[in-house]
Amino acid sequence: MRLDKFICGATTLTRRQAKKIIAQGRINCDSSVMRQTDYKIKETQVITFDDKILTMRGSRYILLNKPRGYICSNIDEQLPSIFNLIDIEKKEQLFIAGRLDADTTGLTLITDDGQWSHKVTSPRNKCKKCYRVELDAPITLNAIKKLGDGIQLKSEPKPCLPADVEVISEKDILLTIFEGKYHQVKRMFAALGNIVIALHREQIDDIKLDDNLDLGQWRYLSKKEVDSIDH
Ligand code: URA
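Residues numbered from 1 in each chain as written. Predicted model: local features only at pLDDT ≥ 70, side-chain atom pairs only at ≥ 80, totals over all residues. Heavy atoms only, no water.

Asks: Would you mind going over the site of the ligand in detail, with residue names and values included?
Replies: Near the ligand you find Leu100, Asp101, Thr104, Tyr131, His183, Gln184, Val185, Lys186 and Leu199, and these make up its full shell. Backbone polar atom of histidine 183 to an oxygen atom of the ligand: 3.2 Å apart, as the coordinates give it. A distance of 3.0 Å separates an oxygen atom of the ligand from a polar atom in the backbone of lysine 186. Surface burial for the ligand is 96%, taken as the share of its 240 Å² of free accessible area covered by protein chains. Taken atom by atom, the bulk of the ligand overlaps the largest pocket. By residue number, the principal contributor to the shell around the ligand is helix α5 (residues 184–191), which donates three residues. Across the shell around the ligand, the residue classes tally to four nonpolar, three polar and two charged. The residue makeup of the shell around the ligand includes at least three contributed by each of domain 2 (58–125 + 211–231) and domain 3 (128–204). (Near = heavy atom within 4 Å. Polar contact = N/O pair within 3.5 Å; in protein donor to acceptor, adjacent residues only side chain to side chain. Areas by Shrake-Rupley, 256 points an atom, 1.4 Å probe, with all protein chains shown as cover. 1 Å grid on protein atoms, 1.4 Å probe; cavity = no way out; pocket = protein on both sides within 12 Å on 5 of 7 lines; lining within 4 Å. Sits in = over half its atoms within 2 Å of the grid points. Helix = DSSP H or I, 4+ residues; strand = E, 2+ residues; numbered from the N terminus. Nonpolar A, V, L, I, M, F, W, Y, C, P; charged D, E, K, R; others polar. Domains from an automatic or database assignment.)

Asks: Summarise the sheet that holds strand β1 (residues 27–29); cite the residues concerned and give the values.
Replies: Across the sheet, which stays open at both edges, the four strands sit in the order β2-β1-β3-β4 with antiparallel pairing between neighbours. Strand pairing shows two members of the sheet lacking a second neighbour, β2 (32–33) and β4 (52–53), which therefore form its edges. Pairing analysis gives two bridges linking β1 to β2, with the strands arranged antiparallel. Bridge pairing in β2 links cysteine 29 to serine 32. (Pairing = 2+ DSSP bridges.)

Asks: Describe the domain arrangement of the chain, with residues and values.
Replies: Each domain of the chain was delimited in the assignment, giving domain 1 (3–53), domain 2 (58–125 + 211–231) and domain 3 (128–204). The gap between the C-alpha centroids of domain 2 and domain 3 is 22 Å. The partner domain 3 presents 12 residues to the 16 residues of domain 2 that form the contact. Summing both sides of the interface, domain 2 and domain 3 together bury roughly 1000 Å²; the carbon and sulfur share of this comes to 45%. Sorting the residues of domain 2 by area buried against domain 3 places Asp101, Thr105 and Leu107 first, and these three jointly supply 40% of that buried surface. If you look at where domain 2 meets domain 3, you find two salt bridges. (Contact = heavy atoms within 4.5 Å. Buried area = accessible area lost by both parts, 1.4 Å probe. Salt bridge = Lys/Arg side-chain N within 4 Å of Asp/Glu carboxyl O.)

Asks: Run through α5, naming residues and quoting values.
Replies: Helical periodicity: at 3.6 residues per turn, an α-helix aligns residues three or four positions apart in one direction. Within α5, the full set of buried residues consists of Gln184, Val185, Met188 and Phe189. Projected down its long axis, α5 carries its buried residues within an arc of 130°, all on one side. Of the surrounding elements, those touching the buried residues of α5 are β8 (129–135), α4 (141–149), β10 (172–177) and β11 (196–204). Looking at the residues trailing α5, positive phi occurs at glycine 193, about 80°. (Buried < 20%, exposed > 50% of the residue type's maximum accessible area, 1.4 Å probe, protein only. Arc of directions from axis to C-beta.)

In structure tokens:
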């Protein structure tokens, strides 16, 4: 890896700032000053900045309990971005693994690990997503059967994968799906002639929202949670 890139990954410095401190002679590679920004460092080399040893920061994995009225985008648009809720450095390197609509609340995963994000979102991995759904009209037995068989959405070539339905009360259900098409849950109920009034994501695979994490709050995932997304 290039020296300036390594410094960015090991500190909060930008690429430009990294180049500057390299030029200032503040970086040593194995005890010798290194002023070449594109120098290719080896894993065994000890890199120091003002005599402090640098180690590469690992990837970041974040769980946010998304409130209504925020958008899953890196920039503010008509509504504020969810990144306004996360006060950490280098937010521009993070992205959202499975977006929620502005009016949907709940579990949102954020990371800078592209491969991990792909595992969460790729239809091939069939990650389980569990939603609490509040409906306009009572759910019918026929609707439960259709959801369980795999419902056909408008303008989709194939029906959805079979979904699991747990009825809490006639207008309040837990729906588990194994893919993540655009507006999928709302479209599934629209195809059944019903309307989703409120939607809250509670779980993705084994990663669950904690009871004590209020809307708008976030935490880092544990290693066990990160590793649980392994298909
Ligand atoms: N399905 C939807 O319709 N909206 C979401 O935000 C998530 C799943």
